[in-house]
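# Descriptive structure summary
Each chain, letter by letter, is given below.
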Amino acid sequence: MNETDQVEPEPNPTVETPGTQAGFLRRHRAGVIIGCATALALVIAGSGIAVGAGIGRQLAADAANRQQPFQPSFYQAQATSAVPATAAQQVGVVTVLTTLDYEADARAAGTGMVLTSSGEILTNNHVIQGATTIHVTVESTGVNYQADVVGSDTVDDIAVLQLVDSSGAKVTGLTPAKLDSSAVVAVGDGVTAIGNAGGTGDLVAAEGKVAATDKSVTVQSDATGQPESLTGLIRVSADVVPGDSGGPLLDARGEAIGMVTAASSGARNVTGFAITIGSALTVAHQIESGVASGNVRIGLPAFLGVNLDTKSTGTTILGPVDGSAAASAGLVAGDTITSVDGTAVTTGDQLSAAIAAHAVGDQVTIGYTDSSGAEQSVGVTLGEGPAA
């Protein structure tokens, strides 16, 4: 078993993902959106690595009421050794900007790599977690596209997107990133991380060296608190920051040997972590096959679309999401959901799990008590939810 990686202690150290994440998305003004399994926000305890938790909240606050490009002021004062990426380093790399949980003022930003000339994009799952719209800019051309979620793996933190044009057709003619899945990575090798640092929309390059290989980190979900782990990671000294998640870790030949996914903050020397490109491609190829198994989900999760009161553990609706299955079925504020297909639910977690067990397009019967106390039931066709 690989030794769990520990970051050298510093005063009040934290370790954050270099890419914003949906951990902060439970901060809705009046409740949480229920309709899919709880999003996996990864946090390393102890000297700890957080995959998006604290930084994600800061990004959300700074993004409020801003127009594109996404430029959180939090990062403007942050020192960094990164420099603008060269034209060659930008080829096959994209920046990602998402709208979160149907809220126009809630955004997240990250990076990705072009997998195919027909517009498939590789990125971290936490970059698009909670996204209801995804916009991707191909940095070598400056062209912006909307992206659909092909599939994702929340445990291994991998997602594949498909770029589409204004008519909804797959794009063509893109130049893929240079990926080296068979590279032998050794301690001391020079590397360069390319990413959308700070979510500014401009790619930068951060040089460093490989500090260790085959590292494991203990993580926990920001939403559930349950421990998880990422294994087989490359640890680097490159100065990576939030927004770099999903970007390539290049070797001396300019080929991607890893995908940046986490990094330290609050320490004198930044410690970054990247998923090996071979591991990322193994998951990506399964997603591309269209076969869901293990941790891999194809497409988007089923979605009911109700807001529940975060101050209560129950299932009383504060209101349906506009245009959602719940709204179409006539569920309104004050209704209390009591069952899904005859199985009783009394908490938001139970309701979320019951919906997550279904697929988009499934028809389910929702039992509920209306505001007058009368027991009711209604048939609902589940829609597509935010990225899980």
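Residues numbered from 1 in each chain as written. Predicted model: local features only at pLDDT ≥ 70, side-chain atom pairs only at ≥ 80, totals over all residues. Heavy atoms only, no water.

The next thing to look at is the overall build of the protein. When helices and strands are tallied, the protein shows six helices and 26 strands. Counting the 388 residues in the protein, one finds 52% classified as buried. Restricting to contacts in the protein with at least 6 residues of sequence separation, those with at least 24 account for 65%. Roughly 15900 Å² of accessible area belongs to the protein as shown, and the carbon and sulfur atoms make up 48% of that amount. (Helix = DSSP H or I, 4+ residues; strand = E, 2+ residues; numbered from the N terminus. Buried < 20%, exposed > 50% of the residue type's maximum accessible area, 1.4 Å probe, protein only. Contact = heavy atoms within 4.5 Å. Areas by Shrake-Rupley, 256 points an atom, 1.4 Å probe, with all protein chains shown as cover.)

Moving on, we get to the nonpolar core. Ranked by internal contacts, the top residues of the largest apolar core, which has 28 residues, are Met113, Leu122, Ile158, Ile194 and Met259. Sorting the residues of this core by element identifies strand 11 (158–164), strand 13 (204–221), strand 14 (227–236), strand 16 (256–265), strand 17 (272–276) and helix 4 (277–289) as the ones contributing at least two each. The dominant element in this core, judged by the number of residues it contributes, is helix 4, at six residues. For Leu122, the residues in contact, after removing those within four places along its chain, are Gly112, Met113, Leu115, Ile158, Ala159, Gly246, Met259, Ile277, Ala280 and Ala284. Ranked by size, the runner-up nonpolar core spans 20 residues in total, among them Ala302, Leu308, Leu351 and Val364. (Core = buried A, V, L, I, M, F, W, Y, C linked by side-chain atoms within 4.5 Å.)

Before going further, it helps to spend a moment on the sheet that holds strand 25 (residues 375–381). Strand order in the open sheet formed by four strands is 23-22-24-25, with antiparallel pairing between adjacent strands. Two strands in the sheet have a free side with no partner beyond their single neighbour: strand 23 (343–344) and strand 25. Where strand 22 (residues 336–340) lies against strand 24 (residues 363–369), four bridges are found, and the strand directions are antiparallel. The residue of strand 24 that forms the bridge with Thr336 is Thr369. (Pairing = 2+ DSSP bridges.)

Our focus in this paragraph is unusual backbone geometry. The residue Asp157 is not glycine, and still its phi comes out positive at about 60 degrees. Tracing the chain through its elements places Asp157 in the loop between strand 10 (143–153) and strand 11. Look at Asp214: it is not a glycine, yet its phi comes out positive at around 55 degrees. Tracing the chain through its elements places Asp214 in strand 13.

The end-to-end C-alpha distance of helix 4, which contains 13 residues, comes to 18 Å, matching closely the 18 Å that a straight helix rising 1.5 Å per residue would cover. Buried residues of helix 4: Ile277, Ala280, Leu281, Val283, Ala284 and Ile287, and no others. Looking down the long axis of helix 4, one finds its buried residues gathered within 165 degrees of arc, a one-sided arrangement. Taken from the residues just after helix 4, Gly290 is the one with a positive phi, measuring 80 degrees. (Expected span 1.5 Å × (residues − 1). Arc of directions from axis to C-beta.)

Another point: the pattern of salt bridges. Across all of its chains, the model carries three salt bridges by this definition. With a closest N to O distance of 4.0 Å, Asp251 and Arg253 form a salt bridge. Connected through shared salt-bridge partners, Asp180, Asp251, Arg253 and Glu255 make up one network. (Salt bridge = Lys/Arg side-chain N within 4 Å of Asp/Glu carboxyl O.)

This part is about helix 6 (residues 348–356). Every buried residue belonging to helix 6 is among Gly348, Leu351, Ser352, Ala354 and Ile355, and all of these are buried. What you see down the axis of helix 6 is that its buried residues fit within an arc of 165 degrees, all on one side.

On to the pairing of strand 24, then. Summarising the sheet, strand 24 and strand 25 pair through seven bridges and their orientation is antiparallel. Its bridge partner being in strand 25, Tyr368 is matched across the sheet by Gln376. Linkage of strand 24 to strand 25, two consecutive antiparallel strands, is achieved through a turn of five residues, within which Gly373 is found at a positive phi near 95 degrees.

With that settled, consider the pairing of strand 22. Relative to strand 23, strand 22 runs antiparallel, the two being bridged by two bridges. If you follow Ser339 over to strand 23, its bridge partner there is Ala344.

Another aspect to go through is the side chain of Gln162. Residue placement: Gln162 occurs in strand 11. Note on Gln162: relative accessible area 7%, which makes it buried. A polar contact is formed between the side chain of Gln162 and the backbone oxygen of Ser118, at a distance of 2.7 Å. If we skip the residues at most four places from it in the chain, Gln162 touches Ser118, Gly119, Glu120, Gln146, Ala147, Asp148, Val150, Lys170 and Val171. (Polar contact = N/O pair within 3.5 Å; in protein donor to acceptor, adjacent residues only side chain to side chain.)

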